[in-house]
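Coordinates in review
Okay, here's what each chain looks like letter by letter:
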Number of protein chains: 2
Amino acid sequence: MPEYHAPLREIQFVLFDVLDLEGHLATLKRADLSADVVREILSQAGHFAEHVLSPINEIGDRTPPALTANGVTVPAAFKEAFDQFKEHGWVSVAAAERWGGQAMPFAVHIPVSELWCSSAMAWRSATGLTEGALLALERHASRALQSRYAPRLATGEWTGTMCLTEPQAGSDLALLRTKAVAVGEDLYEISGTKIYISFGEHDLTTNIVHLVLARLPDAPEGVKGISLFVVPRFREDGRANGVKAIGLEHKMGIHGSPTCVMEFDRAQGHLVGHPGDGLSVMFTMMNQARLGVGLQGLGLMERALQQSRRYAFDRIQGRALSAKSGHERIVHHPDVRRMLMIQKSLTEAARLLIYDTYRLLDVAEGTTGADAQRCERIVAVLVPIMKAMLTEWGMECTSLAIQVHGGAGYIRSTGVEQWFRDARITPIYEGTNGIQALDLLGRKVLSDRGKGLAELSQYLQEHYLKNVPRSLKDLSTVLKAHLELWSDLTKKIGLKALLNAEEIGAAAHDYLHFSGYVLAGAAWLRMATVATERLQRDPESSYLKAKLAAADAYFSGVLPRAKAHAEMAGAGVKHLPLLAAEDYSS
Amino acid sequence: MPEYHAPLREIQFVLFDVLDLEGHLATLKRADLSADVVREILSQAGHFAEHVLSPINEIGDRTPPALTANGVTVPAAFKEAFDQFKEHGWVSVAAAERWGGQAMPFAVHIPVSELWCSSAMAWRSATGLTEGALLALERHASRALQSRYAPRLATGEWTGTMCLTEPQAGSDLALLRTKAVAVGEDLYEISGTKIYISFGEHDLTTNIVHLVLARLPDAPEGVKGISLFVVPRFREDGRANGVKAIGLEHKMGIHGSPTCVMEFDRAQGHLVGHPGDGLSVMFTMMNQARLGVGLQGLGLMERALQQSRRYAFDRIQGRALSAKSGHERIVHHPDVRRMLMIQKSLTEAARLLIYDTYRLLDVAEGTTGADAQRCERIVAVLVPIMKAMLTEWGMECTSLAIQVHGGAGYIRSTGVEQWFRDARITPIYEGTNGIQALDLLGRKVLSDRGKGLAELSQYLQEHYLKNVPRSLKDLSTVLKAHLELWSDLTKKIGLKALLNAEEIGAAAHDYLHFSGYVLAGAAWLRMATVATERLQRDPESSYLKAKLAAADAYFSGVLPRAKAHAEMAGAGVKHLPLLAAEDYSS
């Protein structure tokens, strides 16, 4: 079974050396979370991830949940891990104190969550989605509903789901048909079929709380007619509530996560928020939900990198190009180092970027004033990039891990192929990456005439390009040119979009990718700057020197992709005419 | 079950309109194969692929071969399809007439093989590998061995395998340990363990012929000590021959192909060729074996494209960016068209390029004189590019097909996820793509000082850039610049490699990718030229107009990748230092 090692050194470098976590926690007035406390939390979480969660990851893949006469059951090991997760208090780290949670800010909670994603991504969905459901109730439900559900979700007594998708309504929720009919004061009966519901049913807990999008009888068509309801699996009187899993999807990966077809047949539920607010309530959870998927990408990248590194330093095969004889560990082959370096440079940049996005979210949500609003706007731009790029990189890095292993990478027992299969869902769920790209370019950048982007650029100048030492001037010059190109490209597409809105759709994918690679360049410039500073105090640190090497490798071996994406983003919709169906393929 | 449609219109466009198959068959003196005969062969093969093979593809994935007390058994449907494949004569299309085959040139045989790869790739390995074993015997075995084995392999009475890899010897065959000991006149006993043996054991046929690399007792170390032996599963007297499958790998994909761990325990065999010739005999099969994997990539690309197109024109979701209301088939979204167009442009370019490579192989092997030698050298350069790029594109296009489907793409019953899993082996087996890249840059390009590359470039000028109409001048200017860059890049890397051979390894991956994208550009220029000519006669053809659109989309939406690869290939090994293991990841 492949081992997982919690990357605490790296996480602490990002948190303490790069992101000034202590200053951040002071801003949030969280003196209770000293550096020592945070280190201890990370250390204990690492131990849990390594010893409890990592071993069940493969079990979930091999013996997936099953639909039985008594509903969906999960592997016993999943239940045991869940119970321990509750007992150790991990389930409630993010929840508000009034519900029994520990109210940790994202900046602390998210590094911990990364460990769960790395060690048991499919299993983690159960608690990850519960956090989302809790958040929706906390922000929009009545006090009565909150007191009924929130403490149980916060402590892991029950789990929560998000029931959005229907067979005919995926990316396009305007098409959804599930009905809600009032049957009493604030009591509704929900009927309809929902698909792709992760942990829609299971035997981890005694009850499950579904958040369900549905239409009231008099609701207008389209998204304005969608309302949100909370529907428990079992009613307060203990009786079953007309909601059950009627099927489990057979999927390529995340086998450990039961993906349910849920049938609601006059299931009793309560309205959350106002009629017609369903989608906007969902949108308040969108940032966390989408960043959560990006975090899954990071988790898989880290795990794949560890396994690649281990194999590259272990496997003996071939001899060096410069050698006459003798067999080498494969890391001595430059092409293997190339693959490792792409993995390292993407993984470590991804970690800094998403941690910082969450840090900004802490400021946006945990403070008030102009800076909070500015951070909120920057986060809005970053979210689709983080969701899409970290999942694209998750696919790339798990694929590279397979390639480093050669034939062994294709064999199940090596582990990497599972992570590759698991990774393939992440560019799809919580809004496909195509939807993220439209969200970025259309809603987040162009609709406010580039203001959010300008603020992000300003933020990068202030926080990522500050104190750049002379030794990194070359990299910083390259990066500045890319930041200018970003602005120019935005204007160019924006002008074209005034004439034809389809230009946004044609450019969005490559625009998003360009943005992601520039951000990762900024991340490497920042990490290299910090490493240079620290090397003055610690000149023999191979760890810090490796940071400089990775920054250099990123700029020469990955960043060139950015310009290609800029060129493709600038090409325009005229190159994408609609052909007749039979002319796409014979 | 996802349907497959044999793309005969497209295949015929490439064969007759672009590659002048009739002229080629005249060169080969194959007047028996008229255009009508070839069309009839393709039509019948298409029918077989659609109706017999396509339905078993999913069966192999769901109910893979099993290791039983009587050896490895395959699904009954596999056996039935195999028997029909024999009865219809498809098994013997490539084999020499003296063994009962039909001796079809590659230019005819390969389009037929593409259909097998698209419709049932895992199943196809059984006969594909048999063709390779037959070829090795035909070229290197004694007459006695040939007459014993060749007719049975040619007619599908028996199948053949290639037993190369051992646990410690994958890319590096110098490390192999299997022993051969002489026990009589031209009789040897082979002992050792081989892994990753596709169809190493099965119940499709009554006997299996293993070609096995092993060392004689007095053999020198390294690759010069490797000899090739032919070892049947059952001896001539009908007794079992000390060779059996002792395990089946559990893999990510190609479940229908039994990947066997084979134990040879004093199995009787005969020497093929001379002692120590094992690797060079294997190398004579290398072109076909590697191109065969490239063809698998093409097969999956085509199948994925068909399914993507079908879904994009069927699924209704979202409204057009330019529309106020109304829901659209998703092909109306530019980002979906972008994904379809990448698939179309890569698939159709890949088809032309690999068909032409095989056509050149026909000339190299079926004619004599200077032109044959020139074609052989061009093929030598093309083979690693075809193997690697068509398999990279196979991964990309099957992944795009998943993305076009959204959530449905991740579900097994849609089919595309199987093709994506199947595709993931192709960049690994028959020499990883990293090995292909080294082969291209080191052995094929630099070791003869760029002569083969210059001949390829000349060939492209003469055959792909000829008769370019004024309307395509822009594309042709861009392509010529890329051809010059190819030459410049080669010189630049070549000079660096004189000082440090590791530069080859550092540059090889991106050099190969650059080469692939330039070749695909040449393919599109050629197809666009032909389409422009034909449009003069057939001005309303949407098919021909779609070719022009795809050429345009390729140049604006895919070719920009080439320059990024050139930049990365030029970066140099100095950006890939060897770090300490713990500094690649914490």
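Here the structure is a predicted model, which means the values were calculated and not measured.

To continue, consider the overall build of chain A. The helix and strand tally for chain A stands at 17 helices and nine strands. In terms of overall size, chain A behaves like a compact globule, its C-alpha atoms giving a radius of gyration of 24 Å where 586 residues would be expected to give roughly 25 Å. Taken along the three principal axes of its C-alpha coordinates, chain A extends 80 × 65 × 55 Å. The buried share among the 586 residues of chain A stands at 59%.

A few words now on the relation of the copies chain B and chain A. At an RMSD of 0.0 Å, chain B and chain A line up after a rotation of 180° and a shift of 0.0 Å along the axis. One copy is carried onto the other by what is essentially a two-fold rotation axis. Relative to the rotation axis, the C-alpha of Ala-564 of chain B is the closest in chain B, positioned 3.1 Å from it. Mapped onto chain A, 99% of the interface residues of chain B are again interface residues, and the two copies thus contact each other with one and the same surface.

Next up on the list: the interface of chain B and chain A. Size of an interface, as often reported, equals the accessible area lost when the parts are brought together. Tallying the contact residues gives 88 residues for chain B and 87 residues for chain A. In terms of residue count, helix H15 (residues 542–557) of chain B provides more of the side of chain B that touches chain A than any other element does, eight residues in total. Of the residues that constitute the side of chain B that touches chain A, the class distribution is 40 nonpolar, 27 polar and 21 charged.

Between the first and last C-alpha of helix H11 (residues 433–446) of chain B there are 18 Å, a value that for 14 residues agrees with the 20 Å anticipated at 1.5 Å per step. Within H11 of chain B, the axis deviates most sharply at Asp-439 of chain B, by approximately 30°. Counting buried residues along H11 of chain B, 12 of its 14 residues qualify, which places the element largely inside the surrounding structure. For H11 of chain B, the set of buried residues is Asn-433, Gly-434, Ile-435, Gln-436, Ala-437, Leu-438, Asp-439, Leu-440, Leu-441, Lys-444, Val-445 and Leu-446 of chain B. Of the surrounding secondary structure, the elements contacted by the buried residues of H11 of chain B are helix H8 (334–366) of chain A together with helix H9 (370–405), helix H12 (451–463), helix H13 (473–499) and helix H14 (502–537) of chain B.

Attention now goes to the pairing of strand S5 (residues 187–198) of chain A. Regular strands have side chains that alternate between both faces of the sheet. Residues and elements named next belong to chain A. Bridge count for strand S4 (residues 179–184) against S5 is five bridges, and the pairing is antiparallel. Paired with Ala-180 across the strands is Ile-190, a residue of S5. With antiparallel pairing between neighbouring strands as the criterion, S4 and S5 make up a hairpin whose turn holds two residues, including Asp-186 at a positive phi of roughly 50°.

With that settled, consider the packing of helix H8 (residues 334–366) of chain B against H9 of chain B. All names here are of chain B. The geometry of H8 relative to H9 is characterised by a closest axis approach of 8 Å and an angle of 155° between their N-to-C directions. What the angle tells us is that H8 and H9 run roughly antiparallel. Handedness of the crossing formed by H8 with H9: left-handed. Of the residues in the contact of H8 with H9, the class split is 23 nonpolar, four polar and two charged.

Residues and elements named next belong to chain A. The buried fraction of strand S6 (residues 208–215) is high, at eight of eight residues. With burial as the criterion, each face of S6 is covered, one bearing Ile-208, His-210, Val-212 and Ala-214 and the other bearing Val-209, Leu-211, Leu-213 and Arg-215. In this sheet, strand S7 (residues 226–232) lies alongside S6 in antiparallel orientation, the contact comprising seven bridges. Within S7, the residue paired with His-210 across the bridge is Val-231.

Turning to the environment of Trp-99 of chain A, a few remarks are in order. All names here are of chain A. Looking at the element boundaries, Trp-99 is found in the loop between helix H4 (76–87) and helix H5 (106–140). Judged by the 20 C-beta atoms lying within 10 Å of it, Trp-99 falls in the buried class. The spatial distance from the C-alpha of Trp-99 to the C-alpha of Glu-201 is 24 Å, given a sequence separation of 102 residues. With residues near it in sequence (within four places) discarded, Trp-99 still touches Ala-150, Pro-151 and Ala-154.

What follows deals with the packing of helix H16 (residues 560–569) of chain A against helix H16 (residues 560–569) of chain B. Angle between the axes and distance between the axes: these two values describe a pair of packed helices. Contact pair H16 of chain A / H16 of chain B: the axes reach a minimum separation of 8 Å and the direction vectors enclose 165°. By the angle class used here, H16 of chain A and H16 of chain B are roughly antiparallel. Seen from above, H16 of chain A lies across H16 of chain B with right-handed handedness. Packed against H16 of chain A, whose contacting residues are Pro-560, Arg-561, Lys-563, Ala-564, Glu-567 and Met-568 of chain A, the element H16 of chain B presents Pro-560, Arg-561, Lys-563, Ala-564, Glu-567 and Met-568 of chain B at the interface. For the contact of H16 of chain A with H16 of chain B, the per-class residue count stands at six nonpolar, no polar and six charged.

Residues and elements named next belong to chain A. Its identity is not glycine, yet Asp-186 carries a phi of approximately 50°, on the positive side. Its place among the elements puts Asp-186 in the loop between S4 and S5. Here the phi dihedral of Arg-266 falls at roughly 50°; this positive angle occurs in a residue that is not glycine. Looking at where Arg-266 falls in the secondary structure, it is placed in strand S9 (residues 259–272). A tally of 14 C-beta atoms within 10 Å means that Arg-266 is categorised as partly exposed.

Okay, the confidence of the model for chain A next. Regions with low pLDDT should not have their predicted coordinates read in detail. For chain A, mean pLDDT is 96; residues scoring 70 or higher make up 99% of the total. The ipTM assigned to the predicted complex is 0.98, against a pTM of 0.98.

Right, let's get into the environment of Gly-318 of chain A. With respect to the element layout, Gly-318 of chain A can be found in the loop between helix H7 (278–312) and H8. Sequence spacing of Gly-318 of chain A and Gln-418 of chain A is 100 residues, and the spatial spacing of their C-alpha atoms is 27 Å.

All names here are of chain A. What the domain assignment reports for chain A is domain 1 (8–151), domain 2 (158–280) and domain 3 (292–318 + 328–573). Taking the mean C-alpha position of each, domain 2 and domain 3 sit 35 Å from one another. A breakdown of the residues in the side of domain 2 that touches domain 3 according to their chemical character gives two nonpolar, two polar and no charged.

Residues and elements named next belong to chain B. Note that Gly-516 resides in helix H14. Each C-alpha atom, one on Gly-516 and one on Ile-197, is 29 Å from the other, the two residues being 319 residues apart in sequence. The residues touching Gly-516, leaving out its near neighbours within four places in the chain, are Ile-385 and Met-389.

What counts as what
Residues numbered from 1 in each chain as written. Chains lettered and ligands numbered in written order. Predicted model: local features only at pLDDT ≥ 70, side-chain atom pairs only at ≥ 80, totals over all residues. Helix = DSSP H or I, 4+ residues; strand = E, 2+ residues; numbered from the N terminus. Rg over C-alpha atoms; globule rule 2.2 N^0.38 Å. Buried ≥ 20, exposed ≤ 12 C-beta atoms within 10 Å, placed from the backbone. Least-squares fit on C-alpha atoms with pLDDT ≥ 70 in both. Contact = placed C-beta atoms within 7 Å. Nonpolar A, V, L, I, M, F, W, Y, C, P; charged D, E, K, R; others polar. Expected span 1.5 Å × (residues − 1). Bend = angle between axes of the 7 residues up to and from the residue. Pairing = 2+ DSSP bridges. Axes fitted to C-alpha atoms, helices over the stretch in contact; angles between N-to-C directions. Parallel < 35°, antiparallel > 145°, perpendicular 65-115°, else oblique. Left-handed = near helix turned anticlockwise from the far one by under 90°. pLDDT = per-residue confidence, 0-100. Domains from an automatic or database assignment.

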